[in-house]
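The residues making up each chain are set out below.
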Amino acid sequence: MSDLPQLWKKLRATKESKSLMSKYLTPEIYEKLKDKKTKLGGTLTDCIRSGVENLDSGVGIYASDPAAYQEFSELFDPIIKDYHKVEALYHPPTDFGNVEQLNFGDLDPSGELIVSTRVRVGRSHDSYGFPPTLNKEQRVNMERNTRDVLEKLTGELKGTYYPLDGMTPETQKKLMDDHFLFNDSDRFLKAAGGYNDWPVGRGIFFNDNKTFLVWVNEEDHLRIISMQKGGDLAAVYKRLVSGIQELEKKLQFARLPNLGYLTFCPSNLGTALRASVHVKIPKVAAMPEFKTICDEYSIQARGIHGEHTESLGGVYDISNKRRLGLTEIQAIEEMRRGVEELIRLEKGGELK
Ligand code: ADP
Ligand code: CIR
């Protein structure tokens, strides 16, 4: 039985929730959507559960399946516009730019401040639901299909798939400490059903150098990742683009013209791209203007063990915040400009 009335009652009774979901889920919208269901059986309950159980959510909503973005559009649309700061829901065609002639290279040639660089995209198979509407058998099938494709990659992308089920705790810990592997500790994702049947159907693929990685069935069906030590954003980005293009030859990814690539969380829609550096910026981060500078450059600061974690030793994860309404190369450029500004300030430059 659905516990939607209880979730709704809790949300209405609290003043604590500042999430975009609570902002836009008005009584009118609730009445309109409460009995709707997607073809895969996705409901409003599935979408808002995490945001109600975690009243400190920022976004507070996940899509039960790709069709939820249309079925529950009265709620999703304003949230998406607000998060991505766009007035209309439009997403340009994919454009990775000219990867052979990028107008940037290493963002920190001195090697003093940037510890590592990572660019990832989320992708969803267009034939499967997201966690609330995905059962164990479907997840395992999807893992098998994905694994078959991953294990045929060649050249620099060639690698091995390691299922999480059966991986020793020591290996998991080492991979996690080195920022390669995910875990099941995100309470927002947990409440959304993201860890159902954990660890079945999950795994990680990587090449020998651990510079090209694919997460299978973490938050999204796929997270395609390129990363390396230092600040050479051009090299990291180029490798990622080549990985995406190889996988696209074999896999069909869910995409809508107005929303771009469809992902479990609406914050990832569009390019689904997050380009980040781990960068030492103790001075800038301590400035009262830090938050304003990040907002001005549309960049986001996270702790070094991922979202909802703390910074360690003045090292922050700085990434592009917007993913929708701009192309891949524009998202990368947005992050690059923000990181360059933070580095300039850290090195003693004047505030503009
Ligand atoms: P995402 O949404 O991009 O998957 P998370 O914030 O959950 O991001 O981070 C996932 C993992 O990637 C974490 O272990 C984090 O430490 C690691 N990570 C993110 N950016 C970098 C980076 N620039 N260098 C090294 N590791 C990174
Ligand atoms: C929140 O609303 O704060 C969480 N559900 C996280 C939102 C964005 N992050 C994500 O999807 N990883």
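What counts, and where the lines are drawn
Residues numbered from 1 in each chain as written. Chains lettered and ligands numbered in written order. Predicted model: local features only at pLDDT ≥ 70, side-chain atom pairs only at ≥ 80, totals over all residues. Heavy atoms only, no water. Domains from an automatic or database assignment. Contact = heavy atoms within 4.5 Å. Buried area = accessible area lost by both parts, 1.4 Å probe. Salt bridge = Lys/Arg side-chain N within 4 Å of Asp/Glu carboxyl O. Near = heavy atom within 4 Å. Polar contact = N/O pair within 3.5 Å; in protein donor to acceptor, adjacent residues only side chain to side chain. Areas by Shrake-Rupley, 256 points an atom, 1.4 Å probe, with all protein chains shown as cover. Nonpolar A, V, L, I, M, F, W, Y, C, P; charged D, E, K, R; others polar. Pairing = 2+ DSSP bridges. Helix = DSSP H or I, 4+ residues; strand = E, 2+ residues; numbered from the N terminus. Axes fitted to C-alpha atoms, helices over the stretch in contact; angles between N-to-C directions.

## Re the domain arrangement of the protein chain
What the domain assignment reports for the protein chain is domain 1 (4-84) and domain 2 (114-346). If you average the C-alpha positions of domain 1 and of domain 2, the two centres end up 24 Å apart. Counting residues at the interface gives 23 residues for domain 1, matched by 26 residues for domain 2. The junction of domain 1 with domain 2 conceals about 2100 Å² of combined surface from both sides, 63% of it contributed by carbon and sulfur atoms. Seen at the junction of domain 1 and domain 2, the total is one salt bridge.

## Some thoughts on the site of ligand 2
Ligand 2 sits among Ser57, Gly58, Val59, Gly60, Tyr62, Phe188, Glu219, Cys265, Ser267, Glu307 and His308. At 2.8 Å from a nitrogen atom of ligand 2 is found a side-chain nitrogen or oxygen belonging to Tyr62. Compared with its free state, where it exposes 340 Å², ligand 2 has 92% of that area covered by protein. Of the residues contributing to the shell around ligand 2, the split by class is four nonpolar, five polar and two charged.

## Observations concerning the sheet that holds strand 9 (residues 299-302)
On the basis of which strands lie adjacent, the open sheet formed by eight strands has the order 2-3-4-5-1-8-10-9 and antiparallel pairing. Looking at which strands have only one partner, the edges of the open sheet turn out to be strand 2 (159-163) and strand 9. Ignoring strand direction, the axes of neighbouring strands in this sheet form an average angle of 20°. Alignment of strand 4 (residues 212-216) against strand 5 (residues 222-229), held across five bridges, turns out to be antiparallel. Its bridge partner being in strand 5, Phe212 is matched across the sheet by Ser226. Taken strand by strand, helix 13 (residues 328-346) contacts strand 1 (114-123), strand 8 (273-280), strand 9 and strand 10 (315-320), and its axis lies near 15° from that of strand 8.

## As for the site of ligand 1
In the region of ligand 1, 18 residues are neighbours, and Ser116, Arg120, Ser276, Arg302 and Ile304 sit closest. One of the backbone N or O atoms of Ile304 is found 2.6 Å from an oxygen atom in ligand 1. Asp317 is positioned with one of its side-chain polar atoms (N or O) 3.3 Å from a nitrogen atom of ligand 1. Looking at the shell around ligand 1, the elements with two or more residues in it are strand 1, strand 5 and strand 8. Partitioning the shell around ligand 1 into residue classes produces four nonpolar, seven polar and seven charged.

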